[in-house]
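The chain contents come next:
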Amino acid sequence: MRQKLEVTILELIEAMTEEWELELDEDISLGNKLIDDLGFSSVDFVQFFVAIEDEVQQKLGFHDLIMVDGKYIDDLSITEIVTFVEGKLNSSQIEPPVAALVQPAKLDEQAKINSAKVALFQKAIPIPSAPLPVTDKNPPAIFILCPSRSGSTLLRVVLAGNPQLFAPPELHLLSFETLTQRKVALNNEVNAHLLNGTIRALMQAKGCGLEEAQAIMADCEQKGFSSKDFYYLLQQSLGDRTLVDKTPSYAYHINFLKRSEANFTNALYIHLLRHPYGAIRSFEDAKLDRLLPFMQSDTFSRREYAELAWLVCQQNILDFLKAVPAHRQFQVKFEDLVCQPTITVKQICEFLGVNFYPTMLDPYQEKSQRMTDGVEAVSKMSGDLKFYLHREIESNMAYRWQQFHTTDFLGDDTWQVAELMGYQRV
């Protein structure tokens, strides 16, 4: 099998790169690196992985290959890819069909998340300052509010397919009063890729290249722009389009959320829901706790961190939205988005006051317009790279978690919030 796989994968790469005019001393070989030697971009990675899955007729879970210890890899050799594919095909790691949730076993109540654990988790979250009063607010904007791993990347890209909207990758702006604070906090080995959302947004909004966008960003940082100032600069470049900001980390503290009301006129809010088991499973899969400084202790297990993150974020969002007029907020379930996409997206468009476009339902097309192409290579992308390993909206994404969670481990507080959102206790 190994030799056949080597030939197949080399042929796929040669077919992809046939018109690239590569300047290689020798033919493409197993030792070549995809980025350093062949110049692969993030989009090329995705297309290559999809081509391999088509060839072997299996979903292989490439996310496990391109993310290690919570960080995206810097590069991959062809040999590493062959070894990965061979291992997947020779093992039982291919996911079985979704099975119904079995009768849940009961956990010791002390092992579950309770109010004391929630208080301990909240204590570890840095407390941001309350929003500063402003005399003039920015034009209206749209905010997607949700915990991490709720399907917000899919929703963002769907909305980015609407020519009346401008929905860039995660901006990470409300979390900071100024761009200087933002750069100091994020410009490190673990989080530097989170700075790329504003760069990609500038490239799209101003129709410029990477270097020019980086120069604009650096100039704004040097001049001491507030985050509100930068939002305004971006909005001024959009014409009639409305800015959409989806950055799940805003929900970790209500003061982040309050900044949207303080800085924008009549902002609209899409509250994205997902069953806690689905979000928890995705959080664990992505090892998201390794990316957040306040989760860098062994106080809780990864699963506990995942449940606490879902619960606290949802509580903050619900508390925040109590002060927002009902006509400026809209709830949508991830499960409805993937199982009934046409109906759900039409409802979202009606709420936002924009036209519905059928092309919105094909989020894996128009990569440049929807800003799913990143700014550089795969290791530099912001957001959920796992999104890019799909080819269409897949309804089975809604309940994949049922393969893995056969024990009801959620605490009562979590179930109370979930039930408020229409999810039934198992």
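Position numbers for residues start from 1 in each chain and track the written sequence from start to end. Local features are withheld for residues below a pLDDT of 70 in this predicted model, meaning they are given only at 70 or higher, and side-chain atom pairs are given and counted only at 80 or more; totals for whole chains, interfaces and linings count all residues. Computation of side-chain values: all heavy atoms of the structure, hydrogens and water removed.

## Here's the deal with the sheet that holds strand E7 (residues 268-273)
Spatially, E5-E6-E4-E7-E8 is the arrangement adopted by the 5 strands of the open sheet, whose pairing is parallel. On the outer flanks of this sheet lie strand E5 (165-166) and strand E8 (329-333), each paired with one strand and no other. Should DSSP find at least two bridges between two strands, the strands are regarded as paired. The secondary structure listing takes helices from DSSP runs of H or I that are at least 4 residues long and strands from runs of E that are at least 2 residues long, numbered from the N terminus. Pairing analysis gives 4 bridges linking strand E4 (residues 142-145) to E7, with the strands arranged parallel. Its bridge partner being in E7, phenylalanine 143 is matched across the sheet by tyrosine 269.

## Comments concerning the environment of tyrosine 305
In this fold, tyrosine 305 is placed in helix H13 (residues 302-321). In sequence terms tyrosine 305 and methionine 295 are 10 residues apart; their C-alpha atoms lie 7.3 Å from each other. With sequence-adjacent residues up to four places away left out, tyrosine 305 is seen in contact with Phe121, Phe283, Asp289, Phe294, Met295, Ser297, Thr299 and Phe300. In what follows, residue pairs with any heavy atoms lying within 4.5 Å of each other are defined as contacts.

## Regarding the pattern of salt bridges
Between side chains of opposite charge, a pair can form when the charged atoms approach closely. We define a salt bridge as a contact between a side-chain nitrogen of Lys or Arg and a carboxyl oxygen of Asp or Glu at a distance within 4 Å. Going through the model one piece at a time under the given rule, you end up with 12 salt bridges. In this structure, the salt-bridge partner of lysine 228 is aspartate 136, at a minimum N-O distance of 4.0 Å. With lysine 228 in helix H10 (residues 227-236) and aspartate 136 in the loop between helix H5 (115-124) and E4, this pair connects stretches of sequence that are 92 residues apart. Throughout this description, buried means an accessible area under 20% of the type-specific maximum (1.4 Å probe, protein chains only), exposed means over 50%, and partly exposed covers the range between. When its relative accessible area of 49% is taken as the criterion, aspartate 136 is described as partly exposed. Shared partners join several salt bridges into a network, and the residues in it are Arg2, Glu6 and Glu86.

## Brief notes about the packing of helix H8 (residues 196-206) against H10
Axis angles are defined between N-to-C directions and span 0 to 180 degrees, where every axis is a line fitted to C-alpha atoms and, for a helix, only to the segment in contact. At a minimum axis distance of 9 Å, the contact between H8 and H10 shows a crossing angle of 30 degrees. Comparing their axes, H10 and H8 come out roughly parallel. Residues Thr198, Ala201, Leu202, Ala205 and Lys206 of H8 form the contact with H10, whose own contacting residues are Phe230, Leu233 and Leu234. Roughly parallel means an angle under 35 degrees; roughly antiparallel means over 145; roughly perpendicular covers 65 to 115; every other angle is labelled oblique.

## Quick word on unusual backbone geometry
One non-glycine residue with positive phi stands out, namely arginine 149, at about 65 degrees. Turning to its location among the elements, arginine 149 is positioned in the loop between E4 and helix H6 (152-160). Here histidine 172, not a glycine, exhibits a phi torsion of approximately 50 degrees, which is positive. Here histidine 172 shows up in the loop between E5 and helix H7 (179-186). For histidine 172, a relative accessible area of 6% puts it in the buried group.

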